[in-house]
Number of protein chains: 2
Amino acid sequence: MQLIDGKKIAAEVKQEIKKEVEQLVASGSRKPHLAAVLVGNDGGSVTYVNHKVNDCKEVGFESTLLKFEDSITEKELLEAVHNLNQDDSIDGFIVQLPLPKQIDEAKIIEAIDPEKDVDGFHPVNVGKMLIGLPSFVSATPSGIMELIKRYNIETTGKNCVVLGRSNIVGRPLTNLLSQKNIPGNATVTMIHSRSENIKEICARADILIAAIGKPEFVTADMVKEGATVIDVGTTRLPSDKTKSGWKLTGDVKFDEVSPKCKYITPVPGGVGPMTRVALLKNTLLAAQKK
Amino acid sequence: MQLIDGKKIAAEVKQEIKKEVEQLVASGSRKPHLAAVLVGNDGGSVTYVNHKVNDCKEVGFESTLLKFEDSITEKELLEAVHNLNQDDSIDGFIVQLPLPKQIDEAKIIEAIDPEKDVDGFHPVNVGKMLIGLPSFVSATPSGIMELIKRYNIETTGKNCVVLGRSNIVGRPLTNLLSQKNIPGNATVTMIHSRSENIKEICARADILIAAIGKPEFVTADMVKEGATVIDVGTTRLPSDKTKSGWKLTGDVKFDEVSPKCKYITPVPGGVGPMTRVALLKNTLLAAQKK
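Everything in this summary refers to the structure shown in the same document. Just so we're clear, the structure is a prediction, and the values are computed from it rather than from any experiment.

Some details on the overall build of chain A
Item 1. Along chain A, the regular secondary structure elements total 10 helices and 11 strands.
Item 2. Its C-alpha radius of gyration of 19 Å places chain A within 12% of the 19 Å reference for a compact globule of 290 residues.
Item 3. Each principal axis of the C-alpha atoms in chain A carries an extent, and together these give about 55 × 40 × 40 Å.
Item 4. In chain A, buried positions account for 49% of the 290 residues.

Focus: the relation of the copies chain B and chain A
Item 1. Of the two same-sequence chains, chain B is brought onto chain A (RMSD 0.0 Å, axial shift 0.0 Å) by a rotation of 180°. What the rotation and shift describe, once combined, is the action of a two-fold rotation axis.
Item 2. An overlap of 100% is found between the interface residues of chain B and their copies at the interface of chain A, pointing to a shared contact surface.

Section: the sheet that holds strand β3 (residues 62-68) of chain B
All names here are of chain B.
Item 1. Here we have 3 strands laid out as an open sheet, ordered β3-β2-β4, and parallel in their pairing. Looking at strand neighbours, the two that pair on one side only are β3 and β4 (92-95), the edges of this open sheet. The average undirected angle you get between the axes of adjacent strands in this sheet is 15°.
Item 2. Sitting on the sheet, helix α2 (residues 43-59) is in contact with β2 (33-39) and β3, with an inclination near 170° to β2.

Some details on the environment of R236 of chain B
Residue and element names in this part refer to chain B.
Item 1. Tracing the sequence through the fold places R236 in strand β9 (residues 235-238).
Item 2. You can call R236 partly exposed: it has 13 C-beta atoms within 10 Å.
Item 3. When the C-alpha atoms of R236 and L97 are compared, they prove to be 19 Å apart, with 139 residues separating the residues in sequence.

A few points about the pairing of β3 of chain B
As a general feature of sheets, a regular strand has side chains that alternate between the two faces.
Item 1. With 7 bridges joining them, β2 of chain B and β3 of chain B adopt parallel strand pairing. Following the sheet pairing, V39 of chain B is matched in β3 of chain B by F68 of chain B.

What to know about the sheet that holds strand β6 (residues 187-191) of chain B
Item 1. What the 12 strands build is an open sheet, ordered β1(A)-β11(A)-β8(A)-β7(A)-β5(A)-β6(A)-β6(B)-β5(B)-β7(B)-β8(B)-β11(B)-β1(B); its pairing is mixed. In the strand order of this sheet, the two ends are held by β1 (2-3) of chain A together with β1 (2-3) of chain B, each with one partner.
Item 2. Sheet analysis places strand β5 (residues 159-163) of chain B next to β6 of chain B, joined by 5 bridges and oriented parallel. Bridge pairing in β6 of chain B places L163 of chain B opposite I191 of chain B.
Item 3. In this fold helix α7 (residues 170-178) of chain B packs onto β6 (187-191) of chain A together with β5, β6 and β7 (207-210) of chain B, with an angle of close to 170° to the strand it touches most, β6 of chain B.

Brief notes about the nonpolar core
Item 1. If you look at the biggest cluster of nonpolar residues, it comprises 166 residues, and the most contacted ones within it are L208 and I209 of chain A together with L208 and I209 of chain B.
Item 2. When neighbours within four sequence positions are excluded, I209 of chain A is seen to be in contact with I144, V162, L163, L173, I230 and V232 of chain A.

Topic: the interface of chain B and chain A
Item 1. Each side of the interface is counted separately: chain B has 28 residues, and chain A has 28 residues.
Item 2. Of all the elements in the fold, those that place two or more residues in the side of chain B that touches chain A are α5 (123-130), α7 and β6 of chain B.
Item 3. Among the elements that take part in the side of chain B that touches chain A, α5 of chain B stands out by supplying 7 residues, more than any other.
Item 4. Class assignment of the residues belonging to the side of chain B that touches chain A gives a composition of 11 nonpolar, 12 polar and 5 charged.

A look at the pairing of β2 of chain B
Residues and elements named next belong to chain B.
Item 1. With 7 of 7 residues buried, β2 is to be regarded as a mostly interior element.
Item 2. The alternating pattern of β2 places H33, A35, V37 and V39 on one face and L34, A36 and L38 on the opposite face, and all of these are buried.
Item 3. Handedness of the crossover is the feature at issue here: the chain leaves β2, passes through α2, returns alongside β3, and the resulting connection is right-handed.
Item 4. Bridge count between β2 and β4: 4 bridges; the pairing is parallel. When the sheet's bridge partners are listed, V37 is paired in β4 with V95.

Observations concerning the environment of G213 of chain A
All names here are of chain A.
Item 1. Summarising the element assignment, G213 is placed in the loop between β7 (207-210) and β8 (227-231).
Item 2. Judged by local crowding, G213 falls into the partly exposed class, with 16 C-beta atoms found within 10 Å.
Item 3. Taking the C-alpha atoms as reference, G213 lies 39 Å from E22; in sequence the two are 191 residues apart.
Item 4. Leaving out residues up to four positions away in the same chain, G213 has contacts with G233, T235 and D251.

Basis of the calculations
- Residues numbered from 1 in each chain as written.
- Chains lettered and ligands numbered in written order.
- Predicted model: local features only at pLDDT ≥ 70, side-chain atom pairs only at ≥ 80, totals over all residues.
- Helix = DSSP H or I, 4+ residues; strand = E, 2+ residues; numbered from the N terminus.
- Rg over C-alpha atoms; globule rule 2.2 N^0.38 Å.
- Buried ≥ 20, exposed ≤ 12 C-beta atoms within 10 Å, placed from the backbone.
- Least-squares fit on C-alpha atoms with pLDDT ≥ 70 in both.
- Contact = placed C-beta atoms within 7 Å.
- Pairing = 2+ DSSP bridges.
- Axes fitted to C-alpha atoms, helices over the stretch in contact; angles between N-to-C directions.
- Core = buried A, V, L, I, M, F, W, Y, C linked by C-beta atoms within 7 Å.
- Nonpolar A, V, L, I, M, F, W, Y, C, P; charged D, E, K, R; others polar.
- Right-handed = clockwise from strand over helix to strand, strands pointing away.

None of this, on its own, says anything about what the molecule does.
Here it is, written out as structure tokens:
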């Protein structure tokens, strides 16, 4: 069994991005510039956005954080998005989700210039991803594809099962893994809450990706000997063994599953760190396009 | 074994559309108006476009056929698309593919106003389809979903195998069948040229959809007893039994497969007629939106 070390790979990717930024600057361009829009004071959102700003600093990007009260109207937020679209000093930006109830998230996302949509949520980017055109791919699927690539995990012709059909993980990942590409060319089955014979289908997978947000859902009997298992789950479970009082728990019962695996991602330290560098990669791409 | 009669269902849908047009007109709106852009004189394309124009007449739509020489430049064609986007008398339009070599098809498709893109090929419509938002769905997947719906074929939780990963059939169909919807909620596996164990995977399918363009590829040993088989293939094979000298042949070896099926589509007369009404449905939708 080999552990897929997302933390190590993420650090390597960050170093590569840092070098590319230095080259950009050396050739007379300005630093890539990411803006993040944060509405309200939700604990999770604040933490995520702060991480993103710190990541920018680490690789030599400019970053701008735009904070709004959670009483902001849809019209005002659309105005802010419009201004960011127009602002030539900004290469890409994200609007941290979720947004307050009075705001239609789909409307905000569709208002973002697809060329600056480094979260890859705009329908134009989703559509281009589906049909295999260059696009900004959203963070989690992009990070997972990068892990598969860096560990040279064979996907062509392989039986790949994706647990979860969310718009931000399961569905795009299913499409990326089945693209005529390397990594890609896999035979992908997407499983969800209405699927029958889930255990049986999982047990046939050469590559099993768990993204349903149910802690320790994948047990040893669902995993084939020699399979690769990627765990996207990040549920906080109460714990009396940690200082914080909780423990990040994946969708895979790691202790019993890992001995059967060829490769497996830990939680934390697997997919998580890769999602953060995916945003940096998209921002660099947006800057290089100019 | 029950035959899925696409010809009959298509005629029914056309009657329903005709009634909706009459209601639209009675309520003071003008008739829905479809424009078709035809470049060059490719035999297939001319036939397809003529069919589309005739279909419009049949259901009471206006139609406009715009013909261009195959020497047209990309700039001129973009200009024509732009004019159609601006023309308020036209609800939807299509640009018949393929286009001559000097023209970048993706560029033309992306120039179409997504609100008028009744072929459903624009990345915005593809992206919205993927994330489950209302959109124009392309003709073949839309026609197949309609057949499944009208025959009350159970899809929820079922094991569905789609043979073929094309951008216009396999990939969108995979996404539609797995959406949280009825029909939908299926566990879908998409198979393609690089897949391993194809026969074995097909033989597990409750619903098998063949869209790879290989005549009679699906044989009896690949089909489970009681399965539903949908045949998207339309290859013209030479024949000395027909006046035309050719015979339309599906991806399924109908004679040996059909006895095992609960439902099966014939070729011709199955999926084919439904793809034509799908365009009419999208055009009606575009007109109703206004």
